[in-house]
Amino acid sequence: MANPATPWFGSHPSESHIHFLECSGNPGFEAIKGKTASDLVGLVSCAEWTGVRLATVLREAGLKPEARWVVAEGADAAAMTRSIPIEKCLDDALLVYSQNGERLRPQQGYPLRVFLPGFEGNMSVKWLRRLNVSAEPAYSREETAKYTDLMPDGTARQFTFVMEAKSIITRPSGTQRIAQGFHEITGIAWTGRGRIRAVQVTTDGGRSWRDAALQEPVLNRALTRFRLPWTWDGQPTTIASRAIDETGYVQPSFEDLTAVRGLKSFYHNNAVVPWRIAADGEVANGYA
Ligand SMILES: Nc1nc2c(c(=O)[nH]1)N[C@H]1C(S)=C(S)[C@@H](COP(=O)(O)O)O[C@H]1N2
Ligand SMILES: [Mo]
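Residues numbered from 1 in each chain as written. Chains lettered and ligands numbered in written order. Predicted model: local features only at pLDDT ≥ 70, side-chain atom pairs only at ≥ 80, totals over all residues. Heavy atoms only, no water.

Taking an unreviewed UniProt entry as the reference, the protein is identified by name as Sulfane dehydrogenase subunit SoxC belonging to Methylobacterium aerolatum. The UniProt entry for the protein carries the following comment under Cofactor (unreviewed entry): "Mo-molybdopterin". (UniProt positions renumbered as here; feature names shortened; annotations may be inferred.)

Caption draft 1: Local environment of the overall build of the protein. Secondary structure assignment for the protein yields four helices and 19 strands. For 288 residues, the compact-globule estimate of 2.2 N^0.38 gives 19 Å, and the protein sits close to it at 21 Å. Projected onto its principal axes, the C-alpha coordinates of the protein cover approximately 65 × 45 × 35 Å. Of all 288 residues assigned to the protein, the portion counted as buried reaches 51%. Across the protein, every contact between residues at least 6 apart in sequence was considered, and the portion connecting residues at least 24 apart equals 68%. (Helix = DSSP H or I, 4+ residues; strand = E, 2+ residues; numbered from the N terminus. Rg over C-alpha atoms; globule rule 2.2 N^0.38 Å. Buried < 20%, exposed > 50% of the residue type's maximum accessible area, 1.4 Å probe, protein only. Contact = heavy atoms within 4.5 Å.)

Caption draft 2: Quick peek at the UniProt feature "domain: Moybdenum cofactor oxidoreductase dimerisation" (unreviewed entry) in the protein. In the numbering used here, UniProt assigns the feature "domain: Moybdenum cofactor oxidoreductase dimerisation" (unreviewed entry) to residues 159–272. End-to-end, the C-alpha atoms of residues 159–272 are 23 Å apart, and along that stretch the chain is 7% helix and 39% strand.

Caption draft 3: The arrangement of the packing of aromatic side chains in detail. As enumerated under the stated definition, the model contains eleven aromatic pairs in all. Arranged with centres 6.1 Å apart and planes meeting at 45°, the rings of Phe29 and Phe254 form a pair that is tilted. Here Phe29, found in the loop between strand S1 (14–22) and helix H1 (37–41), pairs with Phe254, found in helix H4 (residues 254–261); they are 225 residues apart in sequence, far enough to count as distant. Phe254 carries the same exposure label as Phe29, and that label is buried. (Phe/Tyr/Trp six-rings, centres within 6.5 Å; stacked < 30°, edge-to-face > 60°.)

This is the structure we're talking about:
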């Protein structure tokens, strides 16, 4: 890339979109023992990203018919390398140079990074220095030894790009303490497949679920706040939320997720997080 002080992208049409960015190791499968909401889903953020569509740049360069993957390489010591399917590259993939209205910060990939809405955070390669169009993926470290999902039968799922629907109650949540009486339960939900359609909340350990109110605007692939009024009667109970996205997909319980995935994998744990509320109002992780 030329001198970053004279951005080449000045002549290209730019777009701004609000999207979440989530590490697929958020929180892993062992880390469900975390105490706070941040321990459990702290590796997610949401920002307004500004940049040029990758499709614009690829079309300008010219794609051969056999082009199936774009391999993005970062300029860090690890030369972080990920293969992106051409369908995503020609869809909503961005080359971003700005986050929340200011130039990318050094830690976020200055001067330029890839941004792939809804895909695992690892693929949004920072400090981008090379894009290589190819017929095959690169099979880099980050898509073989790392960022694959070991299944119970010993095979591994590869190229699990999309971050599935997830939600968590942030108040009341782990290490907080509540008093008997009125509370507004609130939290965040998101999905890599589009918009959140609904968030259901249980206050009786999963026996019944009620629809929470979603805060507008509910944006595509963005954090969505939900709220539900609740009066705690002082009896020990468990509260939890589950997200439903616009495809109809329902966020699974940890039991349902691990029935399919087993306990050997690390990435892509989007299970429901239950918070246990004790008689003294102490809120703790329902798994731990
Ligand atoms: N070049 C490069 N890009 C990278 C990484 C990296 O180590 N090197 N880390 C990835 C991972 S694992 C994640 S989760 C996101 C985090 O982006 P953020 O620091 O802007 O939150 O960047 C991704 N892009
Ligand atoms: Mo990550």
